[in-house]
Amino acid sequence: MEFSYEVKDSYAEVKADGRLNMVSAPKLREFVTDVIAGGSSRIVVNLEKTAFMDSSGLGALIGCLKAARQAGGDLRIAAVQPQVKMVLELTSMDRVLTSYASAEEAFSND
């Protein structure tokens, strides 16, 4: 899995490309922690190119959400693919991790 990010006006967009599983989950946590340490506590994780996520990936997203909130910000997800959406719904985590159609929409009303 590959990660990249871009700082926008009011948030940082983290793009995740690949499978979010037990191998890549720690990398996501580390990547988002580095983005937060760089001064961006409002994060959007763009999952447009993430077709698969397991429980480890879900745990990583929750950990990233906690880190962002502890830094005074928030974490939201965007462009969620069907399998990832299913995992979120089955675990009721879709109530905790707010999903948006695009990264631009995630913080547009704040």
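Residues numbered from 1 in each chain as written. Predicted model: local features only at pLDDT ≥ 70, side-chain atom pairs only at ≥ 80, totals over all residues. Heavy atoms only, no water.

Would you explain the pattern of salt bridges in this entry?
Pairing between side chains becomes possible if they bear opposite charge and their charged atoms approach one another. Counted under the stated rule, the structure contains four salt bridges. Measuring nitrogen to oxygen at the nearest pair gives 3.5 Å for the salt bridge that ties Glu13 to Lys8. For Glu13, a relative accessible area of 4% translates into the label buried. Among the salt bridges present, the one from Arg69 reaches Asp74, with a minimum N-O distance of 3.2 Å. Taken together, the shared-partner salt bridges in this structure form one network comprising Glu6, Lys8 and Glu13. (Salt bridge = Lys/Arg side-chain N within 4 Å of Asp/Glu carboxyl O. Buried < 20%, exposed > 50% of the residue type's maximum accessible area, 1.4 Å probe, protein only.)

Help me out: how do you make sense of the nonpolar core in this one?
Nonpolar side chains tend toward joint burial in soluble globular proteins. Among the nonpolar cores identified, the biggest contains 27 residues, and Leu61, Leu75 and Ile77 are the most heavily contacted of them. Breaking this core down by element, the ones donating at least two residues are strand 2 (12-20), helix 1 (25-37), strand 3 (42-53), helix 2 (55-70), strand 4 (74-78) and helix 3 (82-90). The biggest single contributor to this core is helix 2, with six residues. The contact partners of Leu75, leaving out residues within four places of it in the chain, are Val32, Ile43, Val45, Leu61, Cys64, Leu65, Ala68 and Leu97. Counting residues in each nonpolar core, the second largest holds six residues, with Val44, Ala78, Ala106 and Phe107 among its members. (Core = buried A, V, L, I, M, F, W, Y, C linked by side-chain atoms within 4.5 Å. Helix = DSSP H or I, 4+ residues; strand = E, 2+ residues; numbered from the N terminus. Contact = heavy atoms within 4.5 Å.)

Can you help me understand the packing of aromatic side chains in this one?
How two aromatic rings sit relative to each other is set out by the distance from centre to centre and by the angle between their planes. Counted according to the given criterion, the structure contains three aromatic pairs. These aromatic residues form a ring-pair network of at least three members: Phe3, Tyr5 and Phe31. Its guanidinium or amino end placed over the ring of Phe52, Arg19 lies 4.1 Å from that ring's centre, counting from NZ or CZ. (Phe/Tyr/Trp six-rings, centres within 6.5 Å; stacked < 30°, edge-to-face > 60°. Lys NZ or Arg CZ within 6 Å of the ring centre and 35° of its normal.)

How do you make sense of the environment of Ala12 when you look at a structure like this?
Mapped onto the secondary structure, Ala12 falls in strand 2. Relative accessible area serves as the criterion here: at 0%, Ala12 is assigned to the buried category. Considering only alpha carbons, one finds Ala12 and Ile43, 31 residues apart in sequence, at a separation of 5.0 Å. The residues touching Ala12, leaving out its near neighbours within four places in the chain, are Tyr5, Glu6, Val7, Val35, Ser40, Arg42, Ile43 and Val44.

Just to check I follow, could you spell out the pairing of strand 4 for this structure?
Across a regular strand the side chains alternate sides, sitting on one face of the sheet and then on the other. Judged by how many residues are buried, strand 4 sits mostly within the fold: five of five residues are covered. Of the two faces of strand 4, both are covered, the one formed by Asp74, Arg76 and Ala78 as well as the one formed by Leu75 and Ile77. As for the winding sense of the linkage, the β-α-β connection from strand 3 through helix 2 to strand 4 is right-handed. Sheet topology note: the strand 4/strand 5 (residues 99-100) ladder contains two bridges and is parallel. Counterpart to Ala78 in the pairing with strand 5 is Tyr100. For the segment spanning strand 4, helix 3 and strand 5, crossover handedness is right-handed. (Right-handed = clockwise from strand over helix to strand, strands pointing away. Pairing = 2+ DSSP bridges.)

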